[in-house]
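Each chain, written out:
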Amino acid sequence: MPGPAAPPELRARARAGGSKVARRVLDQPLQRIGVLGALVLLAATAAFGGLEEQTQDGPEALVVGTPVALAPFELTVHRVVWTTDLPGQHLSDDANRWVGVVATVRNTSDAGLLGVTLRDALTLDGVDGLVAEPSDLGVRATSVVVLDDGSSLSPVQPGLTYEAAFLFEQDGSAAPPTTAAVQLQQHVWRGGTMDATPAWRFPTTVLRGALDVREAVSDAPEEDA
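Residues numbered from 1 in each chain as written. Predicted model: local features only at pLDDT ≥ 70, side-chain atom pairs only at ≥ 80, totals over all residues. Heavy atoms only, no water.

**Student:** Even after reading the chapter, I still don't get the overall build of the chain, so can you show me in this structure?
**Tutor:** A count of helical and extended segments in the chain gives four helices and 10 strands. Each helix (α) and strand (β) of the chain, taken in turn from the N terminus, gives the series α-α-α-β-β-β-β-α-β-β-β-β-β-β. A total of 225 residues make up the chain; the buried ones form 41% of that total. Across the chain, the fraction of contacts at a sequence separation of at least 24, relative to all contacts at a separation of at least 6, is 66%. Of the roughly 12,800 Å² that the chain leaves accessible, carbon and sulfur atoms contribute 53%. (Helix = DSSP H or I, 4+ residues; strand = E, 2+ residues; numbered from the N terminus. Buried < 20%, exposed > 50% of the residue type's maximum accessible area, 1.4 Å probe, protein only. Contact = heavy atoms within 4.5 Å. Areas by Shrake-Rupley, 256 points an atom, 1.4 Å probe, with all protein chains shown as cover.)

This is the structure:
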């Protein structure tokens, strides 16, 4: 009887790494691979950590207010809120609402990065009625904006720190969430399967936390009647 296949976590890393050889080898029972196949396996997986000891079984716990280095960003998640009124932002339906993750963002690389890379760095899970379609990483933000002026945070300039909100549109027919699973993803700098040009690719979830969600409250002073 064929032996067991390679560990699931190593097969997952092979798929993320884009190596067709590694994926084919890792999906075979170990007894069928043999000595030559094992050498191919080591060579094919070395580039994405196949030779390193894998000690993490899943995402670590996300802690509010704690800066986290997630190449190519440093993110600090502060709170999750919802609101129906956000100046400068337009819902696809007036009955809908925004769910916003307020965070501090810093680009730790040496070049400006487009907002699409930042949107991959923080996603939501476990919230009913989000308008955007989920991916294998969760639901990406509809947009990421600078808190001070509501402008789009793109590009994200290197070395600068931004107070930002990751905005997710929620259908008004769904109840406002009371909790949300916030997931943080880390990228790697490497070429792709179809494009060998190095870039920040292959986001992988490394932190996850179930956070309370509350209604946003304006901090503007009330005018006297």
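**Student:** I keep staring at the side chain of E169 and nothing clicks. Help me out?
**Tutor:** Topologically, E169 is positioned in strand β8 (residues 161–170). With no salt bridge to any partner, buried E169 finds its closest opposite charge in R97, at an N-O distance of 10 Å. Polar side-chain contacts of E169 include one of 2.9 Å to the side chain of N96. Those residues in contact with E169, other than ones at most four positions away along the chain, are L91, S92, D93, N96, R97, W98, G129, L130, V131 and T142. (Lys, Arg positive; Asp, Glu negative; His and termini not counted. Salt bridge = Lys/Arg side-chain N within 4 Å of Asp/Glu carboxyl O. Polar contact = N/O pair within 3.5 Å; in protein donor to acceptor, adjacent residues only side chain to side chain.)

**Student:** Please explain the nonpolar core as it appears in this structure.
**Tutor:** Looking at soluble globular proteins, one finds that nonpolar side chains tend to be buried together. Judged by nonpolar contacts, the single largest core of 36 residues is most densely connected at V101, L118, L124, F166, F168, V182 and L184. Secondary structure elements with two or more residues in this core: β2 (68–70), β3 (73–83), β4 (97–107), β5 (122–125), β7 (143–146), β8, β9 (179–190) and β10 (199–215). By residue number, the principal contributor to this core is β3, which donates five residues. Excluding anything up to four places from it in sequence, L118 contacts F73, L75, V105, V144, L153, V156 and F166. (Core = buried A, V, L, I, M, F, W, Y, C linked by side-chain atoms within 4.5 Å.)

**Student:** Looking at this model, I keep getting lost on the packing of aromatic side chains. Mind explaining?
**Tutor:** Per the stated rule, a full pass over the model turns up one aromatic pair. Just above the ring of W82 sits the side chain of R97; from NZ or CZ to the centre is 5.6 Å. (Phe/Tyr/Trp six-rings, centres within 6.5 Å; stacked < 30°, edge-to-face > 60°. Lys NZ or Arg CZ within 6 Å of the ring centre and 35° of its normal.)

**Student:** In this structure, what is going on with the environment of Q89? I would like to understand it.
**Tutor:** By secondary structure assignment, the location of Q89 is in the loop between β3 and β4. For the pair Q89 and S143, spaced 54 residues apart in sequence, the C-alpha separation works out to 9.4 Å. Discounting residues that sit within four places of it in the chain, Q89 has contacts with W98, S143, V145, G150 and L167. A polar contact of 3.0 Å, which involves the side chain of Q89, links it to the backbone oxygen of G150.

**Student:** Where do I start with the pattern of salt bridges in this structure?
**Tutor:** A side chain of one charge can pair with a side chain of the opposite charge if their charged atoms are brought near each other. As enumerated under the stated definition, the model contains four salt bridges in all. In this structure, R106 and E74 form a salt bridge, with 3.5 Å as the shortest nitrogen-oxygen distance. Note that R106 is positioned in strand β4 and E74 in strand β3, a separation of 32 residues in sequence. Exposure remark for R106: the relative accessible area of 28% places this residue in the partly exposed category. Overall, E74 belongs to the partly exposed group, its relative accessible area being 25%. Measuring nitrogen to oxygen at the nearest pair gives 2.3 Å for the salt bridge that ties R140 to D120. With R140 in strand β6 (residues 139–140) and D120 in the loop between α4 (115–119) and β5, this pair connects stretches of sequence that are 20 residues apart. Look at D120 and you get buried, because its relative accessible area is 13%.

**Student:** I keep staring at the confidence of the model for the chain and nothing clicks. Help me out?
**Tutor:** Predicted coordinates in regions of low pLDDT should not be interpreted in detail. Residue-level pLDDT values for the chain average 81, and 71% of them are 70 or greater. Here residues 1–55 is a poorly scored stretch, pLDDT under 50, and it has 57 contacts once near neighbours within four places are set aside; other chains count. (pLDDT = per-residue confidence, 0-100.)

**Student:** Sorry if this is basic, but what is going on with the pairing of β4 here?
**Tutor:** Two faces, one strand: in a regular strand the side chains alternate between the faces of the sheet. Extensive coverage of β4 is indicated by the burial of 10 of its 11 residues. For β3 and β4, the ladder comprises 10 bridges, and the chain directions are antiparallel. Its bridge partner lying in β4, V80 is registered against V101. Direction of pairing for β4 relative to β8: antiparallel, over a ladder of 10 bridges. Pairing of V105 across the sheet is with Y162, part of β8. (Pairing = 2+ DSSP bridges.)

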